[in-house]
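# Tertiary structure, described
Residue strings, one per chain:
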Amino acid sequence: MSLTGALTRRGSAVLVAGIMVAAAAVAGPPLHARAAALAVPTVATTAVADETGSTTALKGFAIQSSAKLTDSPEAVSSPGYRPEGWHAAGARSTVYAALVADHTYADPFYSENMKTVPKEQFQVPWWYRSDLTVNDTSARTYLDVTGVVSAADVYVNGKQVATQEQIAGMYTVHELDITAHVRQGLNTVAFRIKPNDPKKDLTSGWIDWNPAPPDNNMGMVYDITVRRAGAVSLGDAHVITSVDMPSLSSAQVTVKATARNDSDRTVTSTVTGTIGELTFGKDVTLAPGETKPVVFTPDDTPQLRLANPRIWWPAGMGDQPLYDLRLEAKTDGAVTDTAHKSFGIRHVKGELNKDGARSYEINGHPLLIRGANESPDLLWRWNPQEAADRITHALNMGINTIRLEGHLEPDEFYDMADKAGMLLLPGWECCNKWQDRDEGHGPYTAHEHEINRGSMAAVAARLRNNPSVISFLIGSDKAPSEESASDYQKALEAADWTLPVVSDINRESVLDYRSGLKMTGPYEWVPPVYWYRKDDGGAEGFNSETSAGPSIPTMDTLRRMMTPGELQSMWTNPEAVPYHRAPGTSFETVGYFNKALSERYGTLTSLDDFVRKAQLSQYEAVRAQFEAFGRNFTDAENPSTGHIYFLLNSPWTSLHWQLFDRYFDQGGAYFGAKKANEDVHIQYSYDDRSVVVVNRRTARTQGLTAHVDLYNTDGTRRFHQDAAGLTVPGDGGRTVALTVPENVPDLSTTYLAKLTLTDSTGKEVSRNVYWLSTKPDVVDEEWGWPMNRTTSYGSLDGLNRLARARVSATATSASTDDTTTVTVTLTNTGTGNTPALLTDVHLVDDKDRPVLPVTWSDNRVSLWPGESTTLTATVRSADLADAVPSLRISGWNTDTVIQAVAAS
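Residues numbered from 1 in each chain as written. Predicted model: local features only at pLDDT ≥ 70, side-chain atom pairs only at ≥ 80, totals over all residues. Heavy atoms only, no water.

### Re the overall build of the protein chain
Selection rule: In this description a helix means any DSSP run of H or I spanning at least four residues, a strand means any run of E spanning at least two, and both kinds are numbered starting from the N terminus. Each radius of gyration reported is based on C-alpha atoms, and the globular scaling rule is 2.2 Å times the count of residues to the power 0.38. The cut-offs for exposure are 20% and 50% of the maximum accessible area for each residue type, with area from a 1.4 Å probe on protein chains only; residues under the lower value are buried, those over the upper are exposed, and the others partly exposed. Only heavy atoms enter the contact rule, under which two residues are in contact if any of them lie within 4.5 Å. All accessible-area figures derive from a Shrake-Rupley calculation using a 1.4 Å probe, and residue coverage is judged against the displayed protein chains alone. Neither His nor the chain ends contribute to the count of charged residues, in which Lys and Arg are positive and Asp and Glu negative. The atom standing in for a charge is NZ when the residue is Lys, CZ when it is Arg, CG when it is Asp and CD when it is Glu.
Broken down by element type, the protein chain carries 14 helices and 51 strands. Rg of the C-alpha trace for the protein chain: 29 Å, near the compact-globule value of 29 Å for 904 residues, within the 12% margin. Dimensions of the protein chain, computed from C-alpha atoms along their principal axes, come out at roughly 95 × 65 × 60 Å. Relative to its 904 residues, the protein chain shows a buried fraction of 62%. By sequence separation, contacts in the protein chain at least 24 residues apart represent 72% of the contacts at least 6 residues apart. Split by element, the accessible area of the protein chain, about 32100 Å² in all, is 48% carbon and sulfur. A gap of 1 Å separates the mean positions of the 82 positive and 109 negative side-chain charges of the protein chain.

Here's what the structure looks like:
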């Protein structure tokens, strides 16, 4: 088969071609002694499965810089070659990730370790080499290549089978027919990978999220697989579903695939399919080399009309059932290929409302997008448990949607989201080669347009049947050019894409694609009252990326990521540029955030004081953001329809833009979001003092009573009011319970508001505590990048004069083979009037280190004297290493104590 034929993807062409000038060889620095020794790295040989229809992922690679080699490509890629002095790399590994794994370089997430790594060594190609064994050479063998950053020459057993002009682009997919090159026994595949430059290559970068790794993620980020097939192969298997609305009582499924005859004779193949207990099939006659579509529709296959289908719902709205499509091609009595695809049945609507904002419905129910922008590991190290933990943490906070800006995770991530009920908004990246209307990034060459089309075709094929995916964003900060948008449109149509396509996140449009999203930020600290405005980044429309800026981790994490000197500088010299912010950007210092802390909470006195005030500030800021969008969701005019917190997590150890940190520790930001996103929630409005109940359940709730109490910092109560008989509509509906008077006699400048919501039996449904000021925060009406400036600060320094509170705890643990659940009851045992404000509980080991990750039912709670609350924490039993954890209890005005947990 010709090279062009060999590069034709299964059922959809994603061939790319072009010309690239080879990088000049630049010698790298001396490597670690272990790497310099002439040892052969231990890399597992991949045993390729014999069965037709099987797919086998390569287990790993030996890698080395081309600058260190004099051997020819033919020699390097031949079986028996000894890669002496090379480095071992995982199946999905960037170059730098491999050098960190073998300790050539120290932990990149600590201090400025990553900054000191010489970049010159990554400006030349690197070799990736892998051995595999094949027992049966009678079947056809294909090498499926994707996830190469940024391009690669490909060799098999000493023969070049593709060039870097053809294997280009991180998201393109290439099918290489290597049947003629494969021999029985030991075989070798090798990739000479070109350096990555996100400003020039259609790959991935980091913009201002954090410093870029020194290799720019050069390497492999997805699996390279070997696939076996017979005379007739199947490709492009997928389904198209539609649901009868609004009843959801029936659904129609169309099954599509392609059949290709790779033999030299005309054949008739029987293609059969199953979806659960449903079966169907047909014969397909194919001339030599011919490819034909294979389609089953409800019209010709009535069993594809489903009565009472199992409908897929987002988490909290229903179950997440999935269907399995399995196809099989049988030719001359033998199975020659198989295909499998899981899918869900649901109805997604994402139109622009009368105010021009994108508004989503799922299965006929309106849905406020409570989202956050997810990030993979900075080095693109795939860890399925960590990915699952990110989704779990998001769901635990009440996040219902994850945006993926350009960092499109491996396929397993989308399967995890499907099973968990997490909605996804994937799309391309801003501020680099993907944004082809930027100077220096576009317009694209003909070769780049081919990569662009191939990328969209491949990603659409990957994502079209994942029920978690509800849109694709073909632009980020800007819409693409009309030519690129046309590329996307053709690729999406060819892939049978049926979901909304969003032009960009910044109110632009291109062709017939519209945005309906605003990208106004803010990205820096703003006071809570800001979020209630109906302009700029406030709670109206769909804010595509926004947050109150810095998110200082817990002290435990800070000490894991920075030196004592760096920690000291962070609070004493806030205008300095810490490496763990975003050097060289608009967000490089913590100065503005530190000023707000000092102005509102009082002068910073120590590192501990800085961190505790930061947690308090982050709790109130993040809670206000989610609460404001929740309150305004059902407004008749200019409602809020969604917002994406920037970011959900950080790809490394960071001082900003994260709801939880790199190690999954949870601070004020996490629990502020979790509090705001309760299913049935009572909240205070900073703009008009209304107390509102929001109901995120699908059904209405009734018989509720709201209780509001205001307290001076000495604990005396100055206001109390109840509102009984409340009914709240479902699907994000709200009811105003009461409005707090503008002037309350004898209220201290800093005061506390306790809001509780009880049901008809008196059981507490929701509880929310605010620290407020009679002196308001005042925000400048004029927008300025990256936030509206605060011209006058509220006065919350009265919190520093809260009397000390005493909190006691009882705790027990219960374990299964998989999980351990710790049940904690906290009680404010003080005899006065002072509440224990924002009491935090950490599970710790015998060295006082947090046990992470952990899922809390609630935390950072505030209790008045005599009040109790019960919390649960769930961890993986394996993470405890058979030990019983202890509790570390601390708070704003409580002493830190360590308490044992009783094993049950």
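Having seen the structure, we can now continue with the description.
### Regarding the environment of Leu176
Here Leu176 is to be found in strand S10 (residues 173-177). Leu176 sits 33 residues away from Leu143 along the chain, and the two C-alpha atoms are 5.0 Å apart.

### Overview of the packing of aromatic side chains
The description of two aromatic rings rests on the distance between their centres and on the angle between their planes. The condition is simple: Here a Phe, Tyr or Trp ring, Trp counted by its six-membered ring, pairs with any other such ring whose centre lies within 6.5 Å, and the pair is stacked when the planes are under 30 degrees apart, edge-to-face when over 60, and tilted otherwise.
A complete count under the given rule lists 41 aromatic pairs for this structure. Ring centres of Tyr96 and Tyr105 lie 6.3 Å apart, and the angle between their planes is 50 degrees; on these two criteria the pair is classed as tilted. The exposure classification of Tyr96 matches that of Tyr105, with both residues buried. Considering the side-chain rings of Phe660 and Tyr670, the 6.4 Å spacing of their centres and the 70 degrees angle between planes classify their relative orientation as edge-to-face. Residue Phe660 is found in the loop between strand S33 (640-645) and helix H13 (668-676), and its partner Tyr670 is found in helix H13; the two are separated by ten residues along the sequence. The exposure class assigned to Phe660 is buried, which follows from its relative accessible area of 2%.

### A look at the packing of helix H12 (residues 607-631) against H13
The description of two helices packed together rests on the angle between their axes and the distance between the axes. So the rule is basically this: Axis geometry follows a simple rule: fit a line to the C-alpha atoms, using only the stretch in contact for helices, then measure angles between N-to-C directions, giving values from 0 to 180 degrees. An angle below 35 degrees is read as roughly parallel, one above 145 as roughly antiparallel, one from 65 to 115 as roughly perpendicular, and any other as oblique. Here a crossing is taken to be left-handed if its near helix is turned anticlockwise relative to the far helix by less than a right angle, and right-handed if that turn runs clockwise. The classification used treats Ala, Val, Leu, Ile, Met, Phe, Trp, Tyr, Cys and Pro as nonpolar, Asp, Glu, Lys and Arg as charged, and all other residues, Gly among them, as polar.
Running from N to C, H12 and H13 cross one another at 30 degrees; their axes reach a closest spacing of 7 Å. As far as their axial angle goes, H13 and H12 are roughly parallel. Read as a crossing pair, H12 and H13 show a hand that is right-handed. Together, Gln615, Gln618, Tyr619, Val622, Arg623, Phe626 and Glu627 of H12 and Gly668, Ala669, Phe671, Gly672, Ala673, Lys675 and Ala676 of H13 make up the contact between the two elements. For the contact of H12 with H13, the per-class residue count stands at seven nonpolar, four polar and three charged.

### Let's talk about the packing of helix H11 (residues 591-601) against H12
Where H11 contacts H12, the axes come no closer than 10 Å and their chain directions differ by 90 degrees. Judged by the angle between their axes, H11 and H12 are roughly perpendicular. In this structure, H11 contributes Phe593, Asn594, Leu597, Arg600 and Tyr601 to the contact, and H12 contributes Phe610, Lys613, Ala614, Leu616, Ser617, Gln618 and Glu620. Split into classes, the residues belonging to the contact of H11 with H12 amount to six nonpolar, three polar and three charged.

### Quick notes on the state of the cysteines
Convention followed: Cysteine sulfur pairs qualify as disulfides if the two atoms are within 2.5 Å.
The full count for this structure, using the stated rule, is one disulfide. Here Cys430 is linked by a disulfide to Cys431, with a sulfur-sulfur distance of 2.3 Å. Taking the sign of the S-S torsion, -85 degrees for the link of Cys430 and Cys431, the bridge is left-handed.

### Here we look at the environment of Phe719
In this fold, Phe719 is placed in strand S37 (residues 717-728). For the pair Phe719 and Pro741, spaced 22 residues apart in sequence, the C-alpha to C-alpha distance is 9.3 Å. Not counting residues within four places of it along the chain, the set of residues in contact with Phe719 comprises Val708, Asp709, Leu710, Pro741 and Val744.

### Overview of the sheet that holds strand S34 (residues 680-684)
The line we're drawing: At least two DSSP bridges between two strands are required for those strands to pair.
Ordered in space as S34-S35-S38, the three strands form an open sheet in which the pairing is antiparallel. Two strands in the sheet have a free side with no partner beyond their single neighbour: S34 and strand S38 (733-739). If you compare each strand with its neighbour and ignore which way they point, the axes differ by 20 degrees on average. As judged from the five bridges shared by S34 and strand S35 (residues 690-695), these two strands associate in the antiparallel manner. Within the sheet, the bridge partner assigned to His681 lies in S35 and is Val694.

### Description of unusual backbone geometry
Going from Val149 to Ser150, the amide bond is cis rather than trans, its omega being 10 degrees. Here Ser150 is to be found in the loop between strand S7 (148-149) and strand S8 (151-156). The linkage connecting Met245 with the following residue, Pro246, adopts the cis geometry, with an omega of 0 degrees. Residue position: Pro246 is located in the loop between strand S14 (232-243) and strand S15 (250-261). We note that Ile207 has phi near 55 degrees; this positive angle belongs to a residue other than glycine. Here Ile207 is to be found in the loop between strand S11 (185-194) and strand S12 (219-220).

### Some details on the sheet that holds strand S45 (residues 836-844)
Across the sheet, which stays open at both edges, the four strands sit in the order S47-S45-S49-S50 with antiparallel pairing between neighbours. Each edge of the open sheet is held by one strand with a lone partner, namely strand S47 (861-863) and strand S50 (894-900). Averaged over neighbouring strand pairs, the angle between their axes works out to 30 degrees when direction is ignored. Looking at chain direction, strand S49 (residues 886-891) and S50 are connected through five bridges and run antiparallel.

### Some details on the environment of Ser476
Stated formally: In protein, a polar contact requires one atom able to donate a hydrogen and another able to accept it; more generally it is a pair of N or O atoms within 3.5 Å, and residues adjacent in sequence count only if both atoms are side-chain atoms.
Mapped onto the secondary structure, Ser476 falls in the loop between strand S28 (472-473) and helix H8 (482-494). Considering only alpha carbons, one finds Ser476 and Trp428, 48 residues apart in sequence, at a separation of 6.3 Å. When neighbours within four sequence positions are excluded, Ser476 is seen to be in contact with Arg403, Glu405, Trp428, Glu429, Cys430, Gln435, Asp504, Ile505 and Asn506. In this structure the side chain of Ser476 is engaged in a polar contact, spanning 3.2 Å, whose partner is the side chain of Arg403.

### Things to note about the pairing of S37
Both strand S36 (residues 701-712) and S37 contribute to a ladder of eight bridges, which runs antiparallel. Bridge assignment links Thr701 to a residue of S37, and that residue is Val728. Counted along the chain from S36 to the antiparallel partner S37, the turn is four residues long, and its residue Gly715 has a positive phi close to 95 degrees.

### Some words on empty space enclosed by the protein
Rule in force here: The definitions used throughout rest on a 1 Å grid laid over the protein atoms alone, on which a cavity is an enclosed set of points accommodating a 1.4 Å probe that cannot get out and a pocket is an open set flanked by protein within 12 Å on both sides along at least five of seven lines; lining residues are those having an atom within 4 Å of a point. Grid points are joined across faces, edges and corners, and a volume is the space filled by probe spheres set on the points.
Summed over all chains, the structure comprises five cavities of 30 Å³ or more. If you add up the space inside the largest cavity, you get close to 80 Å³. Around the largest cavity, the lining residues are Ser375, Pro376, Asp377, Glu386, Arg390, Asn649, Ser650, Pro651, Phe660, Asp661, Arg662 and Phe664. What the second largest cavity holds in volume is close to 70 Å³. What lines the second largest cavity is a set of 16 residues, among which Ser551, Ile552, Pro553, Leu659 and Gly667 lie closest to the centre. A total of three residues in the lining of the second largest cavity trace back to one element, the largest contributor, which is H13. Residue composition of the lining of the second largest cavity, grouped by class: six nonpolar, eight polar and two charged.

### Things to note about H12
Stated formally: Multiplying one less than the number of residues by 1.5 Å gives the expected span of a helix.
Its 25 residues place the ends of H12 36 Å apart at the C-alpha level, agreeing with the 36 Å of an ideal helix rising 1.5 Å per residue. Burial of H12 is extensive: 23 of the 25 residues sit out of reach of the surface.

### Here we look at the nonpolar core
In plain terms, the rule: Take the buried residues of types Ala, Val, Leu, Ile, Met, Phe, Trp, Tyr and Cys, join any two whose side-chain atoms come within 4.5 Å, and each joined set is a nonpolar core.
Phe191 and Leu659 are the most contacted members of the largest nonpolar core, which has 254 residues in total. Looking at this core element by element, the count peaks at twelve residues for H12. Here Leu659 is in contact with Ala372, Met397, Ile399, Val622, Tyr645, Leu647, Leu648, Ala669, Tyr670 and Ala673, once residues within four sequence places are set aside. Counting eight residues, the second-largest nonpolar core is a separate cluster that includes Leu69, Tyr81, Trp127 and Tyr155.

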